[in-house]
Amino acid sequence: METTNPVHRRRPRYKGTHPTKFSEKYKELNPEKYAGTAEHVIEKGGTPAGMHIPICVKEILDFFQIQPGQVGLDATLGYGGHTLEMLKCLKGQGHIYGLDVDPIESAKTRDRLARQGYGPEILTVIHTNFANLDQVAREHGPFQFILADLGVSSMQIDNPERGFSYKFDGPLDLRLDPERGITAAERLRELDEEELEGMLAENADEPYGAEIAAAVTAAFRRGEKIETTLELRRVIEKALEFLPAGERKQAVKKSCQRTFQALRIDVNSEFEVLYAFLEKLPDALAEGGRAAILTFHSGEDRLVKKSFRDLHRAGVYRAVSTEVIRPSAEECARNSRAKSTKMRWAVK
């Protein structure tokens, strides 16, 4: 019988001594095999490609006080860093349910945690938006603890194919679930100048919203396309050419961050989703159950603060945080993406 030897495929080579493109960083993308490389990147204050470093883990665990046998929910599973630490607290007894709207990353996380010994007997991953909290709670709740980390995972930000970052060239997509809804590029074409300016103000407090909105609509009138991340960045750069040269570079950087944030919030209906989650949260908690939410910009934090305060006054929550909890200086030094994090909590 004739046998066929498998074809050996060499790893694609990259220019220079270190890989620069996301897809070339094969060691960072495989931290289980190359743990030393991943740790080296983290020690230098970076986030390895394809990874996400969980924020405020100690603060969350100190607040939840998880006991073996409890049932909890991670409403935003992501890379599973928070979930992993919460699973350890269960000591093999109890269950955690993890929700994620991203079918690509949630499947990876489920498999990654299963390889670490946390299979379906103690962890259930559900592909759904956390706005559907009521449906999940009816089937699996009530929960002793619920966590929601509202930040976009680093795996999404750093992958050019997802279009979340102005730093890399890729399709202007920005959808958390790439199988649903319209892309950011499509959404831009729908908006007139006034609508775009309003969106930039409401979703990101963009101070140059009028100039950026005018530049985008002018580009469309000239027949130009804005379908990639760098095409949008160039339009923003052109819109801010009136600024003095000494302050323009930093202003462009900040305006790019805010514009991409505003578009992401709009494309994924993030405020509407958060409203729904906050409204359904008390009924999903067991009596005495605890909820913690991590926010990353002022719009999110205002919604969480108001919901917790109002429901506390109404007697729904027995206690809520009166001040935000922030990550330590040491954590921010180790993970620069932690700097804007605010944590708020509530007890039913």
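What you see is a predicted model, and the numbers here were worked out from it, not measured in a lab. (Residues numbered from 1 in each chain as written. Predicted model: local features only at pLDDT ≥ 70, side-chain atom pairs only at ≥ 80, totals over all residues. Heavy atoms only, no water.)

### Quick look at unusual backbone geometry
- Note the cis peptide between G141 and P142, where omega equals 0°.
- Within the fold, P142 resides in the loop between helix 5 (133-140) and strand 4 (143-149).
- Of note, the phi angle at C56 is positive, near 60°, even though the residue is not glycine.
- Looking at the secondary structure, you find C56 in the loop between helix 1 (35-43) and helix 2 (57-64).
- A positive phi is found at D205, a non-glycine position, where the angle reads about 50°.
- Structurally, D205 can be placed in the loop between helix 8 (193-204) and helix 9 (209-221).
- Overall, D205 belongs to the partly exposed group, its relative accessible area being 47%. (Helix = DSSP H or I, 4+ residues; strand = E, 2+ residues; numbered from the N terminus. Buried < 20%, exposed > 50% of the residue type's maximum accessible area, 1.4 Å probe, protein only.)

### Some details on a positive patch on the surface
- Together, K167, K249, K253, K254 and K339 make up a region of like positive charge exposed at the surface.
- Mapped onto the secondary structure, K249 falls in helix 11 (residues 245-267). (Patch = residues over 30% accessible without salt bridge, like charges linked within 9 Å, V, L, I, M, F, W, Y side chains within 5 Å. Areas by Shrake-Rupley, 256 points an atom, 1.4 Å probe, with all protein chains shown as cover. Salt bridge = Lys/Arg side-chain N within 4 Å of Asp/Glu carboxyl O. Lys, Arg positive; Asp, Glu negative; His and termini not counted. Charge placed at Lys NZ, Arg CZ, Asp CG, Glu CD.)

### As for the confidence of the model for the chain
- When pLDDT is averaged along the chain, the result is 86, and 83% of the positions lie at 70 or above.
- Of all secondary-structure elements in the chain, the lowest mean pLDDT belongs to helix 1, at 47, while strand 1 (residues 71-74) reaches the highest, 98.
- Per-residue pLDDT stays below 50 along residues 19-29; that stretch engages in 26 contacts with residues further than four places along the chain or on separate chains.
- In this model, residues 37-42 is a region of pLDDT below 50 whose contacts with residues beyond four sequence positions or in other chains number 14 contacts. (pLDDT = per-residue confidence, 0-100. Contact = heavy atoms within 4.5 Å.)

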